Amino acid sequence: MHKSIETIVGDTEGVSYEFPVFRFSGASAGAPSAYLQAALHGGELPGVVAIDALMPKLRRAADEGRVLGNITVVPWANPIGRAQYQFGDHQGRFHFGTRNNFNRDFPLLEKPDASLLPPEVPGPADKSLKRRLVALSMGHDIVLDLHCDDEGVPYLYVPAQLWPAMADCAAAMGVEAVVLWQGASGGAFEEASIHPYLQMPAGEAKLDQRVVTTVEYRGVVDVERDLAQADADGLYRLLVARGVVDDKTIAAPSAFAGVVAPLENIEMVTTPKAGAVLYDVKPGDRVRAGQRLATIVHAPGEKNGSLEIAAPQAGFVLTRRSIRVLPAGGDVIKLVGERRSADARTGALED
Ligand SMILES: [Zn+2]
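Note that residues are indexed from 1 along each chain, following the sequence as it is written. This being a predicted model, a pLDDT of at least 70 is required before a residue's local features are given, and a value of 80 or more before pairs of side-chain atoms are given or counted; all residues contribute to the totals for chains, interfaces and linings. Heavy atoms from the whole structure form the basis of all side-chain values; hydrogens and water molecules are not counted.

1. Some remarks on the packing of aromatic side chains
Put simply, the test is: Two aromatic rings from Phe, Tyr or Trp, using only the six-membered ring of Trp, form a pair when their centres are within 6.5 Å; if the ring planes differ by under 30 degrees the pair is stacked, by over 60 it is edge-to-face, and anything between is tilted. A run of H or I in DSSP counts as a helix once it spans at least four residues, and a run of E counts as a strand once it spans at least two, with each numbered from the N terminus.
Counting across every chain of the model gives 4 aromatic pairs. Taken together, a centroid distance of 6.1 Å and an interplanar angle of 35° make the contact between Y35 and F189 tilted. With Y35 in strand β3 (residues 34-38) and F189 in helix α5 (residues 189-198), the pair connects residues that are 154 residues apart, well separated along the chain. With centroids separated by 6.0 Å and ring planes inclined at 85°, the aromatic side chains of W163 and F256 adopt a geometry described as edge-to-face. Taken together, the residues W163 in the loop between β9 (155-159) and α4 (167-173) and F256 in the loop between α7 (225-241) and β12 (259-262) connect sequence positions 93 residues apart.

Laid out in structure tokens, this is it:
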């Protein structure tokens, strides 16, 4: 294994950012390669600790000559977001300097060739970081971007063109749901990873062998030793299933039995009034149309001081909020509906 340090020049003199990259060289020239990164949104750590638990398995496989394809690992992909604290609270989703989401506006290349990236010029630093991450990941057959949601089940975003070929990956990772998207996503890292291959003839792009996904490892507080180990096991099973690592002790993934739905089926259930949220349901619950999902206490102590939020259709509760104070218009629940949402969205679900 080889460790190197990437440096991103900051926006003022005397400031720069560093992050390590670990590379395993594959022993078999024809084997698929894999790229894993975590915490693109700087404070989303379930994937960081999953990678920490995965690395000993990869080191052991390397020592035993079982790493077949090249593997590149970036455990904490965003040193800029990692350093952003505001009055003691961590803020890793948007770059303070530009207000841009760290997972939007990645460069979309017409070919999977990092030399086509525009040159890195001084400032803004988040733009340089995005170009660097595309350069590090481009050309790998498997690209896994490990995030987490607010409070949620483990689930994947997958380009619709890669489904159902990626069902084995979802099964290997043990996620509970898969959301399929196509078209534009606002330039998320996942879109930048698949875009060049969608410009090619299908035979050349080999989409059936390609893996690109944004992994949502439950919620922000689900940073636990047991979960990290289970997620590392899932990542390892995926790498074995796809022939990146050889391990005869690992069984092939069974059929994926979780929820699969297009992004258009997602109901972003919001509250019309600001207040305290009292949930009736939790991630993983199945609900009926019209079922009460939550009560919003907007005028505490008053008659009619609360309102009920009902499910717009039957479905599966994917996520809810980890905070209990919500503004008017704020998201309450992400529900995977059984049919297209009346408020169907394309592209990114959230800012
Ligand atoms: Zn994220």
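2. Brief notes about the coordination of the zinc ion
The cut-off we apply is this: Note: metal donors comprise N, O and S atoms at 2.8 Å or less from the metal (3.2 Å for Na, K and Ca); water molecules are not included, so apparent gaps in a site are possible. Each label reflects the angles at the metal, where four donors whose angles all fall between 85 and 135 degrees are tetrahedral, four or six donors whose opposite pairs open beyond 155 degrees and whose other angles stay between 65 and 115 are square planar or octahedral respectively, and the rest are irregular. Burial classes follow relative accessibility: with a 1.4 Å probe on protein chains only, a residue under 20% of its type's maximum area counts as buried, one over 50% as exposed, and anything between as partly exposed.
In the first shell of the zinc ion, the protein supplies H41 (ND1), E44 (OE), E44 (OE) and H147 (ND1), at 2.1 to 2.7 Å from the metal. Because the angles between the 4 donor atoms bound to the zinc ion fall within 53 to 146°, the donor set is best described as irregular. Here the donor residues for the zinc ion map to a single chain with the spacing H-x2-E-x102-H. Each member of the pair, H41 as well as E44, is classed as buried.

3. Regarding the nonpolar core
Rules: For the purposes of this section, nonpolar cores are sets of buried Ala, Val, Leu, Ile, Met, Phe, Trp, Tyr and Cys residues that join through side-chain atoms within 4.5 Å. Note that domain bounds follow an automatic or database assignment of domains. In what follows, residue pairs with any heavy atoms lying within 4.5 Å of each other are defined as contacts.
Core analysis: the largest hydrophobic core is formed by 87 residues, its most contacted members being L58 and L133. At 8 residues, helix α1 (residues 46-63) tops the list of elements feeding residues into this core. When residues of this core are assigned to domains, at least three map to each of domain 1 (2-257) and domain 2 (264-337). In this view, L58 contacts F24, V67, I71, V73, Y236, L239 and V245; residues no more than four positions away in its chain are not counted. Among the nonpolar cores identified, the runner-up in size contains 16 residues, and V269, V277, Y279 and L307 belong to it.

4. Quick look at the domain arrangement of the protein chain
Interface size is commonly expressed as the accessible area that is lost once the parts come together. Heads up, the condition is: Buried area: the accessible surface (1.4 Å probe) lost by two parts on joining, summed over both. We count a salt bridge whenever a side-chain nitrogen from Lys or Arg sits within 4 Å of a carboxyl oxygen from Asp or Glu.
The domains assigned to the protein chain are domain 1 (2-257) and domain 2 (264-337). The straight-line distance from the C-alpha centre of domain 1 to that of domain 2 is 31 Å. Each partner contributes residues to the interface: domain 1 has 11 residues there, and domain 2 has 12 residues. In total, about 910 Å² of surface goes out of reach between domain 1 and domain 2, with carbon and sulfur atoms giving 54% of it. Looking at the side of domain 1 facing domain 2, the largest losses of area belong to D150, E151 and V153, adding up to 54% of the total buried there. Counting the contacts that link domain 1 with domain 2 gives 4 salt bridges. Across the pair E151 and R324 runs a salt bridge, and its minimum N-O distance is 3.0 Å. The set of elements that each furnish at least two residues to the side of domain 1 that touches domain 2 consists of β8 (151-152), β9 and β10 (177-181).

5. Considerations on unusual backbone geometry
Peptide bonds are mostly trans, and most non-glycine residues show a negative phi. Following G123, the chain continues into P124 via a peptide bond in cis, with omega recorded as -15°. Residue placement: P124 occurs in the loop between β6 (89-90) and α3 (125-137). A positive phi angle, near 50°, is found at F87, a position not held by glycine. Examined against the element boundaries, F87 turns out to sit in the loop between β5 (85-86) and β6. A relative accessible area of 81% places F87 in the exposed class. Residues other than glycine seldom take positive phi values, yet R218 does so here, at roughly 60°. Look at R218 and you get buried, because its relative accessible area is 14%.

6. Structural notes on the packing of α1 against α7
Heads up, the condition is: Angles here are taken between N-to-C directions and fall from 0 to 180 degrees, while the axes themselves are lines fitted to C-alpha atoms, restricted in helices to the stretch in contact. For this classification, under 35 degrees means roughly parallel, over 145 means roughly antiparallel, 65 to 115 means roughly perpendicular, and everything else is oblique. Whether a crossing is left-handed or right-handed is set by the direction in which the near helix is turned from the far one by less than a right angle, anticlockwise for left-handed and clockwise for right-handed.
α7 packs onto α1 with a crossing angle of 55° between their chain directions and a minimal axis gap of 8 Å. As the angle between them shows, α1 and α7 are arranged oblique. Here α1 and α7 pass one another in a crossing that is right-handed. Residues V49, A50, A53, L54, K57 and L58 of α1 lie in contact with α7, whose contacting residues are A228, Q229, D231, A232, D233, L235, Y236 and L239.

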